[in-house]
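Residue-level structural notes
One-letter residues, chain by chain:
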Amino acid sequence: VGSRWRLTARLRDGAVTVPDGRGRTLLPAGAPADLVFTDDTSAAARPPVTRATALATWLGTRPTAPRFAIDLTIEPVAVVSPLFRGEVSGALALLVGDDGATIDGRIGADHGTVLWFARRYRIDRAELDFDGSADPLLDIAMAYQFPQVELQVGVDGRLSRPRLTLTSNPGTYTEGQLLGF
């Protein structure tokens, strides 16, 4: 369309199986040996712009003249991994330009299970809402049925700063006691 590429896609009848594999060893904690801390705020003392900082600035900035527009609809897709089993669906819109990129839309699972602290929790709702940034809003509700009580876990806020809420049915336990479960 004009000078912009536009892709409209639908993912359907899909299944994703993630093998039980191992990742790479994490790098050691702490500052790298070549990092120097200084109080000098002059331009010469500022760290150079790296790919990581440039990407963080670029992603989440609405492009003034998008070159690519991608509209993706995900019809229920079965996902099976060691940590998650369920169906994922949603719709995303991605705009990419020279001066920025944004992600808008929602991806979610209306049901499924997730392995958390060696227990398989039932997912009642799990949504990621993208509002232009790559740091989506969370809306997650899951539960685990113990013999005497159902532990209900809520997670909301941004992916970078999630908030945890614990409740139970029956509601006879404090949040501290539930955290112990």
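Everything numeric here is computed off the predicted structure, so don't read it as measured data.

**Examining the nonpolar core**
- Ile74, Val77, Val79, Phe84, Val88, Leu92, Ile103, Ile107, Ala109, Ile123, Ala126 and Phe130 together form the largest nonpolar core, which totals twelve residues.
- Secondary structure elements with two or more residues in this core: strand S3 (68–80), strand S4 (84–97), strand S5 (100–109) and strand S7 (119–132).
- In this structure Ala126 touches Ile107, Gly108, Ala109, Asp139 and Ile140, once residues within four positions along its chain are discounted.
- Tyr121, Met142, Phe146 and Leu166 belong to the second largest nonpolar core, which has ten residues in total.

**Notes on the pairing of strand S10 (residues 161–169)**
- Two strands pair when backbone bridges link them, and strand S9 (residues 150–158) and S10 are joined in this way by nine bridges, in the antiparallel orientation. Its bridge partner being in S10, Gly154 is matched across the sheet by Thr165.

**Description of the environment of Thr172**
- Note that Thr172 resides in the loop between S10 and helix H2 (175–180).
- When its relative accessible area of 60% is taken as the criterion, Thr172 is described as exposed.
- Placed 23 residues apart in sequence, Thr172 and Val149 show a C-alpha to C-alpha distance of 9.0 Å.

Cut-offs and rules
- Residues numbered from 1 in each chain as written.
- Predicted model: local features only at pLDDT ≥ 70, side-chain atom pairs only at ≥ 80, totals over all residues.
- Heavy atoms only, no water.
- Core = buried A, V, L, I, M, F, W, Y, C linked by side-chain atoms within 4.5 Å.
- Buried < 20%, exposed > 50% of the residue type's maximum accessible area, 1.4 Å probe, protein only.
- Helix = DSSP H or I, 4+ residues; strand = E, 2+ residues; numbered from the N terminus.
- Contact = heavy atoms within 4.5 Å.
- Pairing = 2+ DSSP bridges.

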